[in-house]
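# Structure assessment
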Number of protein chains: 2
Amino acid sequence: MSEVVTQTIDRCRAAGLRRTKALEELIVTLLDSPRPMTLSELAASERLRDQCDKATVFRLLQRLAEKGVVRRLGLHERAAYFTLLIPGRHQDYLICTECGSIEAVKAPCPVHELEDEIRRKTGFRNLYHELEFFGTCPACA
Amino acid sequence: MSEVVTQTIDRCRAAGLRRTKALEELIVTLLDSPRPMTLSELAASERLRDQCDKATVFRLLQRLAEKGVVRRLGLHERAAYFTLLIPGRHQDYLICTECGSIEAVKAPCPVHELEDEIRRKTGFRNLYHELEFFGTCPACA
DNA sequence: GTAATTGCAAATACTTTGCCACGTA
DNA sequence: TACGTGGCAAAGTATTTGCAATTAC
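Reading the values: the criteria
Residues numbered from 1 in each chain as written. Chains lettered and ligands numbered in written order. Predicted model: local features only at pLDDT ≥ 70, side-chain atom pairs only at ≥ 80, totals over all residues. Heavy atoms only, no water. UniProt positions renumbered as here; feature names shortened; annotations may be inferred. Helix = DSSP H or I, 4+ residues; strand = E, 2+ residues; numbered from the N terminus. Contact = heavy atoms within 4.5 Å. Polar contact = N/O pair within 3.5 Å; in protein donor to acceptor, adjacent residues only side chain to side chain. Buried < 20%, exposed > 50% of the residue type's maximum accessible area, 1.4 Å probe, protein only. Axes fitted to C-alpha atoms, helices over the stretch in contact; angles between N-to-C directions. Parallel < 35°, antiparallel > 145°, perpendicular 65-115°, else oblique. Left-handed = near helix turned anticlockwise from the far one by under 90°. Nonpolar A, V, L, I, M, F, W, Y, C, P; charged D, E, K, R; others polar. Least-squares fit on C-alpha atoms with pLDDT ≥ 70 in both. Near = heavy atom within 4 Å. Salt bridge = Lys/Arg side-chain N within 4 Å of Asp/Glu carboxyl O. Disulfide = S-S within 2.5 Å.

Turning our eyes to something else, we now look at the UniProt feature "binding site: Fe cation" (unreviewed entry) in chain A. Following the UniProt record, one finds the feature "binding site: Fe cation" (unreviewed entry) at H90, D92 and H129 of chain A. A maximum C-alpha distance of 9.4 Å is found for the annotated residues, which run over 40 residues; spatially they form one tight group. Structurally, H90 of chain A can be placed in the loop between β3 (81-84) and β4 (93-96). When near neighbours in sequence (up to four residues on either side) are disregarded, H90 of chain A contacts C109, H112 and H129 of chain A. Polar contacts involving the side chain of H90 of chain A include one to the side chain of D92 of chain A, which spans 2.7 Å. Mapped onto the elements of the fold, H129 of chain A is located in strand β6 (residues 125-136). By relative accessible area, which is 3% here, H129 of chain A ends up buried. Not counting residues up to four positions away in its chain, the partners in contact with H129 of chain A are R71, H90, D92, C109, V111, H112 and E115 of chain A together with L131, E132 and F133 of chain B. Here the side chain of H129 of chain A touches H90 of chain A through a polar contact of 3.0 Å, side chain to side chain.

Written as structure tokens, this is what we have:
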């Protein structure tokens, strides 16, 4: 099992969660995915399909989001997307409004300075941001 | 009626929409609001409450989004948010994850260069972006 | 042993559509 | 007149919860 997986499970344990098979498989699944996934996708994924009920995945995601281990994203679809939150890592996304494809933006995120400024000026705590680009991908154009 | 309202209605007319009372009230309501609004908020708003059904507001928003007059935003809630799209204007948002308050970010958006770069490198068309900051506001902290 | 976790089914929330009446151009 | 619009009610989709059984610690 990869380094990141064990570290993430440790973070869950430290946050008071129990180490269940479903938790492990969920984390591995999210980590394997190059892009955020919906609840339905997760529940239907190879690793989780026979492992547990959709409600379980839902509640796991809920707890993990509460503990800051996963993040829930909007991304313009009706369904919410979830992604693992790895300390020190940040990802922006590029989304095709026609076919719904989602890919990670490779360039560094230009928002951190503004984020610091907002933190200073507004007194918001636990500040983070979400940045998404939308458009029509070459294949759909 | 303000300049922007008539211009926006003109854009709708140009896009082939009919000028109805509901359309006008919807546009004025969105323009009056300092932040994006949900379908429910719009349908229950003073101007629209007695004017038309929720389904009508829904279909109006749908048409307007199609024509590029309004934009549908995620913003992390279960309900979608809508905002008027004024040419040459762009807005980022600061959202409290505790109380759900939404305010517009006053500072200029630092993402346009990256957007240009993505447009060039990926060949995406009609590119735009959405940037939101999330955190705990001073009142909730 | 005890509290967290789970499955299953039922309840919610928000969105979306069908169908026929109506109003704008 | 013709076609976009509107109201009302029903259907759809994704999420969320209740409760009793199970499992991790």
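Structure shown, so let's carry the discussion forward.
All names here are of chain B. Contact geometry of helix α1 (residues 3-14) with helix α2 (residues 21-32) gives a least axis separation of 10 Å together with a crossing angle of 130°. In terms of orientation, α1 and α2 fall into the oblique class. By crossing handedness, the relation of α1 to α2 is classed as right-handed. Two secondary-structure elements touch here, α1 through V4, V5, T8, I9 and C12 and α2 through L23, E24, I27, V28 and L31. Across the contact of α1 with α2, the residue classes break down as 8 nonpolar, 1 polar and 1 charged.

This part takes up the relation of the copies chain A and chain B. Rotating chain A by 180° about the axis while translating it 0.0 Å along that axis superimposes it on chain B, leaving an RMSD of 0.1 Å. The transformation just described matches what one would write down for a two-fold rotation axis. Interface overlap between copies: 100% of the residues of chain A at the interface are likewise at the interface in chain B, consistent with a symmetric, same-surface contact.

Turning our eyes to something else, we now look at the protein's contact with DNA strand C. Surveying the vicinity of DNA strand C reveals 24 residues, the closest of which are D53 and T56 of chain A together with R18, F58 and R78 of chain B. A share of 61% of the atoms of DNA strand C within 4 Å of the protein falls on sugar and phosphate groups. A distance of 3.0 Å separates a phosphate oxygen of DNA strand C from a polar atom in the side chain of T20 of chain A. At the level of elements, α5 (54-66) of chain A together with α5 (54-66) of chain B are the ones that each hand at least two residues to the surface near DNA strand C. The element that contributes the greatest number of residues to the surface near DNA strand C is α5 of chain A, accounting for 5 residues. Grouping the amino acids of the surface near DNA strand C by side-chain chemistry returns 10 nonpolar, 3 polar and 11 charged.

Attention shifts here to the pattern of salt bridges. A pair can form between side chains of opposite charge whenever their charged atoms are brought close. Under the definition given, this model contains 16 salt bridges over all chains. Two residues, R47 of chain A and D32 of chain A, come together in a salt bridge whose shortest N-O distance is 3.3 Å. Residue R47 of chain A is found in helix α4 (residues 46-49), and its partner D32 of chain A is found in helix α2 (residues 21-32); the two are separated by 15 residues along the sequence. By relative accessible area, which is 38% here, R47 of chain A ends up partly exposed. In this structure D32 of chain A comes out as exposed when scored by relative accessible area, which is 55%. R35 of chain B is the partner of E41 of chain B in a salt bridge, and the nearest nitrogen-oxygen pair spans 3.2 Å. Through salt bridges with shared partners, a single network forms among K21, E25, D32 and R47 of chain A.

Residue and element names in this part refer to chain B. For the structure on display, the rule yields 0 disulfides over all chains. The structure places no disulfide on C99, whose sulfur is separated from the nearest cysteine sulfur, that of C96, by 3.6 Å. The thiol of C137 is unpaired, and the distance to the nearest cysteine sulfur, on C96, comes to 3.7 Å.

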